[in-house]
Amino acid sequence: METSKATEESDVGILCYISQLPGFRGILKQRYADFIVNEVDTDGNVVHLTCLESPPQMVEETKECAAKVSDEKLSESKSYEAEIGLFRSLAGDSDAEKLESLISQVDSCTGSEDSVPHIVLSPDSNKTHRTAVHNFFKQNFKFLVTDTTDGPDASSKCIRVRLDSGGHKNNGRNSKKRKERGEKPFDSRGSSNWPEPLGKFLRFHLYKENKDTQEALGIIGKMLGIQSKSFGFAGTKDKRAVSTQRVTVFKQQASRLAALNDRLIGIKVGDFCHVKEGLLLGKLLGNRFTVTLRGVIADSEDTIKAAADSLGRHGFINYFGLQRFGTGSVPTHLIGATLLRGEWKTAVSLILDPREGDILLLFPCLDVIRMVREYYKESNDIEGTLRQLPRHLVAERAVLQCLKKCPGDYLQALKAIPRTLRMMYVHGYQSYLWNHAASERVQKYGFDQVVLGDLVYCKGDDSEKETVGVNSECNDDNCDDTYDCSHLDETSGTDLLERKNTLVKVVTVEDVSAGNYTVDDVVLPMPGSRVIFPTNEIAKVYHDLAKKDAINLTESVHSVKEFSITSMTGSYRRVFQKPLDFEWELLAYNDSNKPLAETDLDNISKTGSTNIIKQEEQGKGEDTDLSDCTKLPVSSRNSTALSTDTNEGSEREVESEQVSGSNWQETQMALKLSLTLPASCYATMAIRELLKTSTSVAYHKTLNQ
């Protein structure tokens, strides 16, 4: 596999188109506001930011519930007299007085848990008695924890009693138990007096411009003084875009978040409500895209109309887009192949070494990354490299920090990368195989019929013996980890299965003659231990490509499960996808900096809401006046119900913002597309089918010049 240049579509198996119609020129993401993404929730609702303020009724509900909790706590504290009396009979007067004093300080504490001193009970050489004391606290004082320390002499031990880091009246920000918190699925800090009737999670809509999801939540978390793990979301949205999505946060009041809007730049929060459960990755149906292609040049408007109509009717090949593989000269699937072969040192080198021909070199402002890589390669100075390495290079920092502690332990260094990011490498290789198989399927059998040996999603009462169901992309590990990484796209979070517990089967002669299935039902497997392959010639593509890379899809050469395809369950993915609720229109414009589509914030502004977003420092002098845009009399709509597929993980494009400022030109043409896609799909692949040109960052950057 070639590593000396930026990854091209053909390198990762993106080879075919459905239609043979001519394409046309159009610039993708000339401005980040040309790519608008709105999440579609599990009920099929498109998520919009409509209100920036905390609803008055929520404030009143919080006050009422807080008052109720306060009364409950007051009566609860009085009941401790009985427990202290029991403890007195177990441990004696001296220790009972110590406990009574500790509880009094806990009840009056308003600062961090560190402001409440611990107590040490009297020395005790009787292990059975110490066990009874430990159990007493577990049963009667669940907001306190105990442990055993050395006593004044070798034969005795003492029991220490202190406030639980996640327990009674704990509002502290500086707890020494952060490591314990890190093992929880979310940051458990927040008011311990939280009113139970409200639901422990605040759900809100996050609107962001030219920022990825983790970056935006990191800023909000820092302003609130809480950890990133407090937040939950269904999918990571594209950086170079304007997007709106749902987010949950543990035990926070809406008024606190709403108050941030005046200080946030390029970010807004709103549409608050309390819910009982936090969001997890994959809990969405898909995304609604509004994409504006600028600088459109075609032989005629008929060419554009024919291409758009074809996309609406036939759809596109459901390839994994380039974002899946990263934008540099060392694609994720290449690193994934080294992991599958067990070549740990090589994998580390691919992550850390200088990348000749890297796409990042197209952007001078990012040239520092190349220089830092070269510095490490020449000096092997981990400490010095870490000081220079940008913080957003999460994988590189994690590897270096581990090598600093454990020199030469390359496997451990790879495992130090956050799980979601490190799994992108192996998933990237699965996607590489899938793309090539999809191209072979189109080349051999076309796009308009089901053929013998295809795999299809079962319908109705199908119960043939060859049916296989897969219910998880991962085998025994949790796939719901989240982390910022540099390979996220405009779809959603980690690799969750396209359909939960869905059965697939091999198409038989009877199926073909009876017309039981359509090409929309055809799927191909993401390799794993619990999938079946087509029984036609397409299966050979998987094994032949893997063999070229010295990889066996049925046997593993090492015992590290997370880097082994045979230890992964696998999944299935549709080969063809049609855009849903598809609309398009041609627009004429004169100024390339004028917006051609309205964002959620534009709509709020029109309704007279306060707290309007501050202009971006890097040239959001992007006027929201659409008066210079003229609709041309060509448009179309193709409405279809949204399917329930929820598969794809998310990867972020690395791009640079265009320089703003007035740029009056002769009248140009733009094509505005609106379409909904299931979470398994890449909007860029739909656009590729339309334009018949590459979706690479490098190519579209040349169109701006």
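The following paragraphs examine the structure supplied in this document. (Residues numbered from 1 in each chain as written. Predicted model: local features only at pLDDT ≥ 70, side-chain atom pairs only at ≥ 80, totals over all residues. Heavy atoms only, no water.)

## Let's talk about helix α4 (residues 127-140)
Okay, step 1: Taking 1.5 Å as the rise per residue, α4 with 14 residues should run 20 Å; its terminal C-alpha atoms sit 20 Å apart, in good agreement.
Okay, step 2: For α4, the capping residue at the N-terminal end is Asn126, with a side-chain oxygen 3.0 Å from the backbone nitrogen of Thr128. (Helix = DSSP H or I, 4+ residues; strand = E, 2+ residues; numbered from the N terminus. Expected span 1.5 Å × (residues − 1). Polar contact = N/O pair within 3.5 Å; in protein donor to acceptor, adjacent residues only side chain to side chain.)

## Considerations on the pattern of salt bridges
Okay, step 1: Applying the stated criterion across every chain yields a total of 31 salt bridges.
Okay, step 2: Its salt-bridge partner being Glu39, residue Lys237 comes within 3.2 Å of it at the nearest N-O pair. One end of the pair, Lys237, is in the loop between β7 (231-233) and β8 (242-250); the other, Glu39, is in strand β2 (residues 35-40), with 198 residues separating them in the sequence. Of the two residues, Lys237 and Glu39, both sit in the buried class.
Okay, step 3: Across the pair Glu215 and Lys239 runs a salt bridge, and its minimum N-O distance is 3.8 Å. Here Lys239 lies in the loop between β7 and β8 and Glu215 lies in helix α6 (residues 213-224), a separation of 24 residues in the sequence.
Okay, step 4: Each of Arg31, Asp34 and Arg294 takes part in a single network of salt bridges with overlapping partners. (Salt bridge = Lys/Arg side-chain N within 4 Å of Asp/Glu carboxyl O. Buried < 20%, exposed > 50% of the residue type's maximum accessible area, 1.4 Å probe, protein only.)

## Comments concerning α6
Okay, step 1: Over its 12 residues, α6 runs 16 Å from end to end, which matches the ideal 16 Å to within 8%, given 1.5 Å per residue.
Okay, step 2: Considered for burial, the residues of α6 that qualify are Thr213, Gln214, Ala216, Leu217, Ile220, Gly221 and Leu224. All buried residues of α6 fall inside an arc of 160° around its axis, so they share one side.
Okay, step 3: Each element contacted by the buried residues of α6 is listed here: β6 (201-209), β7, β8, α7 (254-258) and β9 (267-275).
Okay, step 4: Of the residues that open α6, the one with a side-chain oxygen 3.2 Å from the backbone nitrogen of Gln214 is Asp212.
Okay, step 5: Of the residues flanking the end of α6, it is Gly225, one or two places downstream, whose phi is positive at about 75°. (Arc of directions from axis to C-beta. Contact = heavy atoms within 4.5 Å.)

## Remarks on the nonpolar core
Soluble globular proteins tend to bury their nonpolar side chains together.
Okay, step 1: In terms of nonpolar packing, the biggest core is built from 102 residues, with Leu293 and Leu671 touching the most fellow members.
Okay, step 2: Sort the elements by how many residues they give to this core and helix α15 (residues 419-445) lands first, with 12 residues.
Okay, step 3: Sequence-distant contacts of Leu671, defined by excluding residues within four places in its chain, comprise Phe24, Val291, Thr292, Leu293, Val296, Ile304, Trp584, Glu585, Leu586 and Leu690.
Okay, step 4: Counting 22 residues, the second-largest nonpolar core is a separate cluster that includes Phe204, Phe233, Phe272 and Leu281. (Core = buried A, V, L, I, M, F, W, Y, C linked by side-chain atoms within 4.5 Å.)

## Re the packing of helix α8 (residues 301-314) against helix α19 (residues 683-691)
Okay, step 1: Where α8 meets α19, the closest approach of the two axes is 9 Å, and the angle between their N-to-C directions is 135°. Classified by the angle between their axes, α8 and α19 sit oblique to one another. At the point where α8 passes α19, the crossing takes the right-handed sense. Here α8 contributes Ala307, Ala308 and Leu311 to the contact with α19, which in turn contributes Ala686, Glu689 and Leu690.
Okay, step 2: Broken down by class, the residue content of the contact of α8 with α19 amounts to 5 nonpolar, no polar and 1 charged. (Axes fitted to C-alpha atoms, helices over the stretch in contact; angles between N-to-C directions. Parallel < 35°, antiparallel > 145°, perpendicular 65-115°, else oblique. Left-handed = near helix turned anticlockwise from the far one by under 90°. Nonpolar A, V, L, I, M, F, W, Y, C, P; charged D, E, K, R; others polar.)

## Examining the environment of Ala258
Okay, step 1: Structurally, Ala258 is set in helix α7.
Okay, step 2: Judged by relative accessible area, which is 13%, Ala258 ranks as buried.
Okay, step 3: Separated by 205 residues in the primary sequence, Ala258 and Glu53 have C-alpha atoms spaced 5.5 Å apart.
Okay, step 4: Residues contacting Ala258, with those up to four places away along its chain left out, are Leu52, Glu53, Ser54 and Phe272.

## Looking at the environment of Asp600
Okay, step 1: Mapped onto the fold, Asp600 is located in helix α18 (residues 600-606).
Okay, step 2: Since its relative accessible area comes to 6%, Asp600 is described here as buried.
Okay, step 3: When the C-alpha atoms of Asp600 and Thr50 are compared, they prove to be 7.0 Å apart, with 550 residues separating the residues in sequence.
Okay, step 4: Each residue touching Asp600, except ones within four places of it in the same chain, is listed here: Asn38, Val47, His48, Leu49, Tyr207 and Thr244.

## Considerations on the sheet that holds strand β5 (residues 157-163)
Okay, step 1: With antiparallel pairing, 3 strands are arranged side by side in an open sheet as β3-β5-β4. Of all strands in the sheet, those bounded by a partner on one side alone are β3 (119-120) and β4 (144-150).
Okay, step 2: Helix-sheet contacts for α4 involve β4 and β5, and the interaxial angle to β4 is about 160°. (Pairing = 2+ DSSP bridges.)

## Re the pairing of β2
Okay, step 1: Across the 6 residues of β2, 6 count as buried, placing the element largely inside the fold.
Okay, step 2: Residues Phe35, Val37 and Glu39 point to one face of β2 and Ile36, Asn38 and Val40 to the other, with burial holding for every one of them.
Okay, step 3: Pairing between β2 and strand β10 (residues 286-297): 6 bridges, direction antiparallel. Residue pairing across strands places Ile36 opposite Thr290, the latter belonging to β10.

## Quick notes on unusual backbone geometry
Okay, step 1: A positive phi is found at Asn380, a non-glycine position, where the angle reads about 55°.
Okay, step 2: Overall, the relative accessible area of 52% leaves Asn380 in the exposed class.
Okay, step 3: Positive phi is not limited to glycine here, since Lys692 has a value of about 60°.
Okay, step 4: With respect to the helices, strands and loops of the structure, Lys692 is situated in the loop between α19 and α20 (697-703).

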